[in-house]
2 protein chains.
Amino acid sequence: MAAEAHFSGVIAPVLTPFDEDGDADADRFTEHAQWLLDEGCTALAPFGTTSEANSLGIEERLELLEELVDDGIDPAKLMPGTGTCSLADTITLTEHAVELGCGGALMLPPFYYKGPSEEGLFRYFAEVIEGVGDDRLKVYLYHIPPVAQVGFSLSLIGRLLREFPGTVAGLKDSSGDWSNTAAILAEYPQLEVFPGSEVFLLDGLKGGAKGCISATCNVSAKAIRNVYDVWKTPEAEHLQAAITALRKAIQAYPMIPALKAVIAHYRGDPGWAAVRPPFVPLPAAEAEKAIRTLADAHGFTLDFASAA
Amino acid sequence: MAAEAHFSGVIAPVLTPFDEDGDADADRFTEHAQWLLDEGCTALAPFGTTSEANSLGIEERLELLEELVDDGIDPAKLMPGTGTCSLADTITLTEHAVELGCGGALMLPPFYYKGPSEEGLFRYFAEVIEGVGDDRLKVYLYHIPPVAQVGFSLSLIGRLLREFPGTVAGLKDSSGDWSNTAAILAEYPQLEVFPGSEVFLLDGLKGGAKGCISATCNVSAKAIRNVYDVWKTPEAEHLQAAITALRKAIQAYPMIPALKAVIAHYRGDPGWAAVRPPFVPLPAAEAEKAIRTLADAHGFTLDFASAA
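Residues numbered from 1 in each chain as written. Chains lettered and ligands numbered in written order. Predicted model: local features only at pLDDT ≥ 70, side-chain atom pairs only at ≥ 80, totals over all residues. Heavy atoms only, no water.

Asker: Got a minute to help me understand the sheet that holds strand E7 (residues 211-213) of chain A in this structure?
Answerer: Remark on secondary structure: sheet strands pair via backbone hydrogen bonds, oriented parallel or antiparallel. Residue and element names in this part refer to chain A. Reading across from one edge, E2-E1-E7 is the order of the 3 strands in this open sheet, with parallel pairing throughout. In the strand order of this sheet, the two ends are held by strand E2 (43-44) and E7, each with one partner. The pairing of strand E1 (residues 9-12) with E7 spans 3 bridges and is parallel. Looking across to E7, one finds that Ile11 is bridged to Ile213. Seen against the sheet, helix H9 (residues 217-229) touches E1 and E7 and runs at an angle of roughly 175 degrees to E1. (Pairing = 2+ DSSP bridges. Helix = DSSP H or I, 4+ residues; strand = E, 2+ residues; numbered from the N terminus. Contact = heavy atoms within 4.5 Å. Axes fitted to C-alpha atoms, helices over the stretch in contact; angles between N-to-C directions.)

Asker: So what exactly am I meant to see when it comes to the state of the cysteines here?
Answerer: Throughout this description, disulfide means a covalent bond between two cysteine sulfur atoms. The tally for this structure, following the rule as stated, stands at 0 disulfides over all chains. Between A:Cys102, a cysteine without a disulfide, and A:Cys41, which holds the nearest cysteine sulfur, the sulfur-to-sulfur distance is 16 Å. Here B:Cys41 stays unpaired: no disulfide links it, and the sulfur of B:Cys217, its closest cysteine neighbor, is 5.4 Å away. (Disulfide = S-S within 2.5 Å.)

Asker: It is not clear to me how the interface of chain A and chain B should be interpreted in this structure. Could you clarify?
Answerer: One widely used convention gives an interface's size as the accessible area the parts lose upon coming together. Counting from both sides, the interface comprises 41 residues of chain A and, opposite them, 41 residues of chain B. When chain A packs against chain B, the two sides together hide about 3,000 Å² of surface, and 66% of this comes from carbon and sulfur. Considering only the surface of chain A that becomes buried against chain B, A:Tyr112, A:Tyr113 and A:Pro278 emerge as the three largest contributors, covering 27% of it. Where chain A meets chain B, there are 0 salt bridges. Our enumeration of links across chain A and chain B arrives at 18 residue pairs in polar contact (both at pLDDT 80 or more). At the level of secondary structure, the elements contributing two or more residues to the side of chain A that touches chain B comprise helix H2 (58-70), helix H3 (87-99), helix H4 (118-132) and helix H5 (145-148) of chain A. (Buried area = accessible area lost by both parts, 1.4 Å probe. Salt bridge = Lys/Arg side-chain N within 4 Å of Asp/Glu carboxyl O. Polar contact = N/O pair within 3.5 Å; in protein donor to acceptor, adjacent residues only side chain to side chain.)

Asker: Sorry if this is basic, but what is going on with the sheet that holds strand E4 (residues 139-143) of chain B here?
Answerer: All names here are of chain B. Across the sheet, 4 strands lie side by side as E3-E4-E5-E6; this open sheet has parallel pairing. Each edge of the sheet is formed by a strand with only one pairing partner; in this case those strands are strand E3 (105-107) and strand E6 (192-195). For this sheet, the mean inter-axis angle between neighbouring strands, taken without regard to orientation, is 25 degrees. Relative to E6, strand E5 (residues 168-173) is paired through 4 bridges, and the arrangement is parallel. By the bridge assignment for E6, Asp173 is matched with Pro195.

Asker: Is there a simple way to think about the pairing of strand E4 (residues 139-143) of chain A in this case?
Answerer: Side chains on a regular strand alternate between the two faces of the sheet. Residues and elements named next belong to chain A. Where burial is concerned, most of E4 is hidden: 5 out of the 5 residues are buried. Side-chain alternation along E4 places Val139, Leu141 and His143 on one buried face and Tyr140 and Tyr142 on a second face that is also buried. As paired elements, strand E3 (residues 105-107) and E4 share 3 bridges and run parallel to each other. Among the inter-strand pairings, Met107 is bridged to a residue of E4, identified as Leu141. The parallel pair E3 and E4, bridged by H4, forms a crossover whose chirality is right-handed. With 5 bridges connecting them, E4 and strand E5 (residues 168-173) associate as parallel partners. Considered in E5, the bridge of Leu141 is made with Leu171. (Buried < 20%, exposed > 50% of the residue type's maximum accessible area, 1.4 Å probe, protein only. Right-handed = clockwise from strand over helix to strand, strands pointing away.)

Asker: Hey, could you run me through the pattern of salt bridges in this one?
Answerer: Opposite charge on two side chains permits them to pair, given that their charged atoms come into close proximity. Scanning all chains against the criterion turns up 24 salt bridges over all chains. Put simply, A:Glu119 and A:Arg123 hold a salt bridge, and the shortest N to O gap is 2.7 Å. Note that A:Glu119 and A:Arg123 are positioned in helix H4 at a spacing of 4 residues, about one turn of the helix. Relative accessible area serves as the criterion here: at 35%, A:Arg123 is assigned to the partly exposed category. As a salt-bridge pair, B:Lys222 and B:Glu39 come within 3.5 Å of each other at their nearest N and O atoms. Taken together, the residues B:Lys222 in helix H9 (residues 217-229) and B:Glu39 in the loop between helix H1 (26-38) and strand E2 (43-44) connect sequence positions 183 residues apart. Each of A:Asp25, A:Arg28 and A:Asp269 takes part in salt bridges that share partners, so that together they form one network.

Asker: Please clarify how the confidence of the model for chain A should be interpreted in this entry.
Answerer: Segments scoring low in pLDDT should not have their predicted coordinates read at a detailed level. Summarising the model, chain A shows a mean pLDDT of 96, and 97% of its residues fall at 70 or more. Predicted complex metrics record ipTM = 0.96 and pTM = 0.96. (pLDDT = per-residue confidence, 0-100.)

Asker: Any chance you could explain the packing of aromatic side chains here in plain terms?
Answerer: Aromatic rings in a pair are described by how distant their centres are and how their planes are angled relative to each other. Residues and elements named next belong to chain B. With the rule as written, the count across this model stands at 25 aromatic pairs over all chains. With a centroid separation of 6.0 Å and 35 degrees between ring planes, the pair formed by Phe29 and Phe47 is classed as tilted. Placement of Phe29 in helix H1 and of Phe47 in the loop between E2 and helix H2 (58-70) is noted, with a sequence separation of 18 residues between them. This pair shows no difference in class: Phe29 is buried, exactly as Phe47 is. Here Tyr124 and Phe125 contribute two aromatic rings whose centre-to-centre distance is 5.2 Å and whose plane-to-plane angle is 80 degrees, an arrangement assigned as edge-to-face. (Phe/Tyr/Trp six-rings, centres within 6.5 Å; stacked < 30°, edge-to-face > 60°.)

Asker: What exactly am I supposed to notice about the packing of H9(B) against helix H10 (residues 236-251) of chain B here?
Answerer: To describe two helices that pack against each other, one gives the angle between their axes and the distance between the axes. All names here are of chain B. At a minimum axis distance of 9 Å, the contact between H9 and H10 shows a crossing angle of 155 degrees. Overall, the two elements H9 and H10 adopt an arrangement that is roughly antiparallel. With respect to the hand of their crossing, H9 and H10 are arranged in left-handed fashion. When H9 is examined against H10, the residues Val219, Ser220, Ala223, Ile224, Asn226 and Val227 are found in contact with a partner set consisting of Leu239, Gln240, Ile243, Leu246 and Ile250. For the contact of H9 with H10, a count of residues per class yields 8 nonpolar, 3 polar and no charged. (Parallel < 35°, antiparallel > 145°, perpendicular 65-115°, else oblique. Left-handed = near helix turned anticlockwise from the far one by under 90°. Nonpolar A, V, L, I, M, F, W, Y, C, P; charged D, E, K, R; others polar.)

Asker: Would you mind showing me how to read the relation of the copies chain A and chain B here?
Answerer: Note: a rotation about an axis with an accompanying shift along it relates these two copies of the chain. For the pair chain A and chain B, the best superposition has an RMSD of 0.0 Å and corresponds to a rotation of 180 degrees with a translation of 0.0 Å parallel to the axis. A rotation of that kind, with that shift, is consistent with a two-fold axis. (Least-squares fit on C-alpha atoms with pLDDT ≥ 70 in both.)

Asker: Sorry, what's going on with the nonpolar core here?
Answerer: A:Leu44, A:Tyr112, B:Leu44 and B:Tyr112 are the most contacted members of the largest nonpolar core, which has 144 residues in total. Ignoring anything within four residues of it in the chain, the contact list for B:Leu44 reads B:Ile11, B:Ala12, B:Val14, B:Ala33, B:Leu36, B:Leu37, B:Ile73, B:Lys77, B:Leu78 and B:Met79. (Core = buried A, V, L, I, M, F, W, Y, C linked by side-chain atoms within 4.5 Å.)

Asker: Teacher, can you tell me more about the pairing of E5(B) here?
Answerer: Here E5(B) lies mainly inside the structure; 6 of its 6 residues are buried. Regarding the hand of the β-α-β motif, the stretch spanning E5(B), helix H7 (residues 178-187) of chain B and E6(B) is right-handed.

Asker: I tried to follow the environment of A:Leu108 on my own but got confused; where do I start?
Answerer: With respect to the helices, strands and loops of the structure, A:Leu108 is situated in the loop between E3 and H4. The buried category is assigned to A:Leu108, whose relative accessible area is 4%. With 77 residues separating them along the chain, A:Leu108 and A:Glu31 place their C-alpha atoms 26 Å apart. Beyond its immediate chain neighbours, meaning those up to four positions away, A:Leu108 contacts A:Asn54, A:Gly83, A:Phe125, A:Tyr142, A:Ile144, A:Ala148 and B:Tyr112.

This is the structure in structure tokens:
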């Protein structure tokens, strides 16, 4: 087991754009992924919650990931979401990610059946890891109880780490509960821990976290990266305060439609605002208000000039 | 729109057996489906919650449904579960079911993202129905908020019925809340309503329900069918009391592992007890206790002699 982290820094769960027929738009997708890396993302987590991954089909996910790699995104920088509620589909997606050379796989627990036992969840991950059966696999556990409802207890994390020490590499904590992140950091220092929001970036880094994986990295990676780069200096505090305030301003709107509306606006590409049901786009007046508020109160803007 | 119901009576969400490698076992599956029809099921709902459908892969579901039809199960009697959290996969599964001639499709709402708007859910079902684009499609809405968390409000049901009157045909109510079932029956008499438990069978039939779709039909279809056949007679009351008592006795155990343990016992086929993670099999002592209690207190047994 290498002591060096596989992933660190600022990681965006890449938004998935759709075309006018509602199909995933591979061109806009890879363009956005490349722009995120240019903006300072250290890595990308396509097919996260923010990516509307759970509204995509298994085939769509396989194809889109191949597009990213074919279009020149370094697979070592990719930590695609591969966890579905189905053991079989999770193995399919994870095998595929490993074969493409992805640096890791971000894995939801099986989330349809509620209240599974710890033993059942342990067996699930054991079957996924043994089913994939590839030493290159690095699993990042995806703890997001507000959405998945099913999560990872401290004892389940410990059992998985003991049983699969070279494979279970990290955890994204989207509980929104700093005390949970702190407990994981204290208990399992060998784990690469990423809070699911940049609100906890500085506290996380001070406590041993490796960075953050956050929805808002889709629009504010540059500012978040600044905090990451200077986190050991006194300057970090006020930069953290600014990204926290910006995150809170964005969070006042439905996150995925708002992020897409912001990108549509600054790209001058209204089609970017499309979401897949059960999401609905932000109404025009709401979108305008969001964009104006972010600009006026936070000096927020996006620059796509270099990428255009 | 035909006034005649497409489905009625006693419908089993068919358990999915697994082989020793953990793969879905098509032979045991079709054998069980045929036995359920022999026991008095009027129709079958493979790939329900009880079927561990959400632990199966999309490909597995396509193949297993084809096996059922290839092995001679009348597709008009099939109402497979086709709802996943993904619009794309739901269209794939539903198209396939329609092409095979299935009488209906039982559809969960998209269940990963929590708290979707009514508008978002409406658009989701509109896109599924328009995506499948086949007049033969009959949609049965699957309301199971204790598991899916996302459900169907009365107003959403009404909107879907108004917009797709020939297509939205029915609803399975697994809320466990009789007042909800009663409200749907009162408000939408044109809908084929099935309570998700035989506990509500007699009350349901008196209120206009068409039957029930219930997990325990996998082991007690015969007794449930008896209630259905005589529901207008005075005799129905005590038969209903007996199936209610049996259901409650089975419910004392984790439902899916318990049903499989019971079938494994009476078939003399221990492999039948296998479940897919995140479920775990009932421990042997628990299984023995369940089987003994059901036999002693409810005179419960299963007869596979004719099917053997």
